[in-house]
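The lines below spell out each chain.
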Amino acid sequence: FGSSHFGSRSLFRSPPGSFGGAFLVLAMAIKGLKRKVVAKGKKQMLKFTIDCQQPVDDTIITPADLEKFLKDRIKVDNKTNNLGDRVTVSRDKAKIHVS
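The structure displayed is predicted, hence computed values, not measured ones.

(A) Examining the overall build of the protein more closely. Helix and strand content of the protein: three helices and five strands. Of the regular secondary structure in the protein, the N- to C-terminal order runs α-β-α-α-β-β-β-β. Long-range contacts, defined here as pairs at least 24 residues apart, represent 44% of the contacts in the protein between residues at least 6 apart. Split by element, the accessible area of the protein, about 9,600 Å² in all, is 57% carbon and sulfur.

Structure below.
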């Protein structure tokens, strides 16, 4: 029992290729960070315009049919036909506006 069971290695020694004590300092630095609290503002309003002039000229689709399709298929809160006041679908000749 003359020599240590662990030899020259220490229990707290980091393995080769690791950062050693830098990890401990980094963890302590992150723990003391302050988070900035951003006041919740108005949600971003997205607007989409679909120009269906060419399909209308080629008599592939009518704007009224596409408007009805969008109203039936757009999901709000994972439910169809739930547009409410948050989503509007409107038609102006051959253009459809979704906002």
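There's plenty left to go through after this.
(B) Local environment of the sheet that holds strand 5 (residues 95-98). The sheet built from three strands is open, its strands ordered 1-5-4 with antiparallel pairing. With partners counted over all chains shown, the strands left at the sheet margins are strand 1 (48-51) and strand 4 (89-92), one partner each. On average, adjacent strands in this sheet sit at an angle of 20° to one another, irrespective of strand direction. One ladder, built from four bridges, connects strand 4 with strand 5; its direction is antiparallel. Bridge assignment links aspartate 92 to a residue of strand 5, and that residue is lysine 95. Packed onto the sheet, helix 3 (residues 63-73) meets strand 1, strand 4 and strand 5 and runs at close to 170° relative to strand 4.

(C) Structural detail: the pattern of salt bridges. Under the defined criterion, the tally for this structure stands at four salt bridges. The residue glutamate 67 makes a salt bridge to lysine 71 at a minimum N-O spacing of 3.6 Å. Of the two residues, glutamate 67 and lysine 71 both sit in helix 3, four residues apart, roughly one turn of that helix. One salt bridge in this structure joins glutamate 67 and arginine 91, with 2.8 Å as the shortest N-O distance.

Parameters and conventions
Residues numbered from 1 in each chain as written. Predicted model: local features only at pLDDT ≥ 70, side-chain atom pairs only at ≥ 80, totals over all residues. Heavy atoms only, no water. Helix = DSSP H or I, 4+ residues; strand = E, 2+ residues; numbered from the N terminus. Contact = heavy atoms within 4.5 Å. Areas by Shrake-Rupley, 256 points an atom, 1.4 Å probe, with all protein chains shown as cover. Pairing = 2+ DSSP bridges. Axes fitted to C-alpha atoms, helices over the stretch in contact; angles between N-to-C directions. Salt bridge = Lys/Arg side-chain N within 4 Å of Asp/Glu carboxyl O.

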